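Architecture and fold: a report
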Amino acid sequence: MAASFDEMRRILRDLPGPDLDAATGVVRRQAELTKPPGSLGRLEEIAEWLATWQGRSRPRVERPRIAVFAGSHGVAARGISAYPAEVTAQMVKNFVAGGAAINQLARSIDADLRIYELDLSHPTDDLSRGPAMDEARAANAMAYGMMAAEPGIDVLCLGEMGIGNTTAAATLAAALFGGSGADWAGPGSGVAGAALAHKVAVIDEALACHAAAIAARDPLALLAAVGGEELAAITGAVLAARMGRIPVLLDGYACTAAAAVLHAVDRRALDHCLVAHRSAEPGHTRLLTVLGKRPLLDLDMRLGEASGAALAVPLLKAAAACHDGMATFAEAGVSGKAS
């Protein structure tokens, strides 16, 4: 049976909320650990977030999964990237062969890396001249992405590969939250000068082409109109992770734009997500402001392929290790804070 947006909307109406008992357990234990209150800063916040969405007061990060979705974009034929469209399939082969940055990062953190290849031989239609996908294709891509959120995963790191997807991401962000191509476009794979101006113009063409759909304010319909299959798959993965109580680390600009579709439907829909890093793509900072998300890292990266998400996993492991392994004042025989 083919997936549909109605099915996705039904799931969105029934999102599980935070586990407040687990969160309370973390807060109580944090107050007893051998440190001044709040002295571990965001590590304490991360531990509470992990517990809240894993549903256990002693969070763990022993089984991280990295999911990289690859999709092919028809808009790439407009010359909006520094690389030809065939690089997408070539990079998928590189992932499989173990030669990409994400392969090295996954090994360094002992993470399970999965590559999800969408229909690369059939690109989406040119989003600047009509809908990139119909509802069936977008919904099926969402359903495909849902498979990444398998039971037993402690955290799901999401990323993408697709020549042309920063153009799709910028167009999607503008369609969801307003603004022009100049507001949301960046260098992507490395365009500058006249090439970047052309990319901005193509995005503005797309926004004009889809003005009626933008006015209708249906985020899932906009995902189909100006997104891509790998972006839709990420949207589905984020949704399935929420249903499975799996915390999510979002990678950079394209990944965050895909997740933002759910935020546009329900402002609570990304509460189980942290943004791993601030991309060097300028539109990412703007998008983070819209979403109210503070990234964990800021390393001037814009590679994609879940590289920033992988780099943030050690922070989660550290937060869980400190919370679980530190002694309490009573256990260590250390005097607590004077009353």
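Residues numbered from 1 in each chain as written. Predicted model: local features only at pLDDT ≥ 70, side-chain atom pairs only at ≥ 80, totals over all residues. Heavy atoms only, no water.

Re the overall build of the chain
- Assigned secondary structure in the chain consists of 16 helices and five strands.
- A compact globule built from 339 residues would reach a C-alpha radius of gyration of about 20 Å, and the chain, at 20 Å, matches this within 12%.
- When its C-alpha atoms are laid out on the principal axes, the chain stretches across 70 × 40 × 35 Å.
- Out of the 339 residues belonging to the chain, those deemed buried represent 55%. (Helix = DSSP H or I, 4+ residues; strand = E, 2+ residues; numbered from the N terminus. Rg over C-alpha atoms; globule rule 2.2 N^0.38 Å. Buried < 20%, exposed > 50% of the residue type's maximum accessible area, 1.4 Å probe, protein only.)

Details of the sheet that holds strand 3 (residues 155–161)
- If you walk across this open sheet you meet the five strands as 2-1-3-4-5, and the pairing is parallel. The outermost strands of the open sheet, each flanked by one partner alone, are strand 2 (112–117) and strand 5 (273–275). This sheet shows a mean twist of 25° between the axes of neighbouring strands, independent of strand direction.
- The pairing of strand 1 (residues 64–70) with strand 3 spans seven bridges and is classified as parallel. Residue pairing across strands places isoleucine 66 opposite cysteine 157, the latter belonging to strand 3. (Pairing = 2+ DSSP bridges. Axes fitted to C-alpha atoms, helices over the stretch in contact; angles between N-to-C directions.)

A word on the environment of glycine 152
- Structurally, glycine 152 is set in the loop between helix 6 (135–146) and strand 3.
- A relative accessible area of 42% places glycine 152 in the partly exposed class.
- In the structure, glycine 152 is positioned 89 residues away from arginine 63 in sequence and 7.5 Å away in space, judged by C-alpha atoms.

Digging into helix 11 (residues 219–226)
- The buried count for helix 11 comes to seven of eight residues, which makes it a mostly enclosed element.
- Along helix 11, the residues that are buried comprise Pro219, Leu220, Leu222, Leu223, Ala224, Ala225 and Val226.
- Considering only its buried residues, helix 11 is in contact with helix 1 (5–12), helix 6, helix 7 (165–177), helix 10 (211–216), helix 12 (229–243) and helix 13 (253–265).
- For helix 11, the N-terminal cap is aspartate 218; the gap from its side-chain oxygen to the backbone nitrogen of leucine 220 is 3.2 Å. (Contact = heavy atoms within 4.5 Å. Polar contact = N/O pair within 3.5 Å; in protein donor to acceptor, adjacent residues only side chain to side chain.)

With respect to helix 13
- Helix length check: helix 13, at 13 residues, gives a terminal C-alpha distance of 19 Å against a target of 18 Å (1.5 Å per residue), a fit within 8%.
- The axis of helix 13 is deflected most strongly, by about 30°, at alanine 259.
- Among the 13 residues in helix 13, 11 count as buried, and that is most of the element.
- Those residues of helix 13 lying buried are Tyr253, Ala254, Cys255, Thr256, Ala257, Ala258, Ala259, Ala260, Val261, Leu262 and His263. (Expected span 1.5 Å × (residues − 1). Bend = angle between axes of the 7 residues up to and from the residue.)

Some words on the pairing of strand 1
- Counting buried positions along strand 1 yields seven of seven residues, so the element is predominantly enclosed.
- Residue alternation in strand 1 divides its side chains into two sets, Pro64, Ile66, Val68 and Ala70 and Arg65, Ala67 and Phe69, and both sets are buried.
- In this structure, strand 1 lies alongside strand 2, joined through six bridges in parallel fashion. Considered in strand 2, the bridge of valine 68 is made with isoleucine 115.

Digging into the pairing of strand 3
- The buried count for strand 3 comes to seven of seven residues, which makes it a mostly enclosed element.
- Side chains Val155, Cys157, Gly159 and Met161 project from strand 3 onto one buried face, and the interleaved Leu156, Leu158 and Glu160 project onto a second face that is buried too.

Examining the nonpolar core
- Formed by 73 residues in total, the largest nonpolar core has its most connected members in Phe69, Leu156, Leu158, Val238 and Leu250.
- Apart from the residues within four sequence positions on either side, leucine 158 is in contact with Ala67, Phe69, Ile234, Ala237, Val238, Val248, Leu249, Leu250, Asp251, Cys255, Ala306 and Ala309.
- Counting 37 residues, the second-largest nonpolar core is a separate cluster that includes Trp49, Phe95, Ile109 and Leu249. (Core = buried A, V, L, I, M, F, W, Y, C linked by side-chain atoms within 4.5 Å.)

Looking at unusual backbone geometry
- Its identity as a non-glycine residue notwithstanding, arginine 245 has a phi of 55°, on the positive side.
- Within the secondary structure layout, arginine 245 lies in the loop between helix 12 and strand 4 (248–250).

Some words on the pattern of salt bridges
- Scanning the entire structure with this criterion turns up 16 salt bridges.
- Residues arginine 129 and aspartate 126 are paired through a salt bridge, measuring 3.8 Å at the closest nitrogen-oxygen approach.
- The exposure class of arginine 129 is exposed, given its relative accessible area of 59%.
- Judged by its relative accessible area of 16%, aspartate 126 falls in the buried class.
- One salt bridge in this structure joins arginine 286 and aspartate 183, with 3.9 Å as the shortest N-O distance. (Salt bridge = Lys/Arg side-chain N within 4 Å of Asp/Glu carboxyl O.)

Structural notes on the environment of glycine 98
- On the secondary structure map, glycine 98 appears in the loop between helix 4 (87–97) and helix 5 (101–108).
- Judged by its relative accessible area of 18%, glycine 98 falls in the buried class.

Here's the deal with the packing of helix 2 (residues 20–32) against helix 3 (residues 42–54)
- Two elements in contact, helix 2 and helix 3, have axes separated by 8 Å at closest approach and are oriented at 150°. By the angle between their directions, the pair helix 2 and helix 3 is classed as roughly antiparallel. Here helix 2 runs over helix 3; the crossing is right-handed. Facing helix 2, whose interface residues are Ala22, Ala23, Val26, Val27 and Gln30, helix 3 presents Glu44, Ala47, Glu48, Ala51 and Thr52.
- Grouping the amino acids of the contact of helix 2 with helix 3 by side-chain chemistry returns six nonpolar, two polar and two charged. (Parallel < 35°, antiparallel > 145°, perpendicular 65-115°, else oblique. Left-handed = near helix turned anticlockwise from the far one by under 90°. Nonpolar A, V, L, I, M, F, W, Y, C, P; charged D, E, K, R; others polar.)

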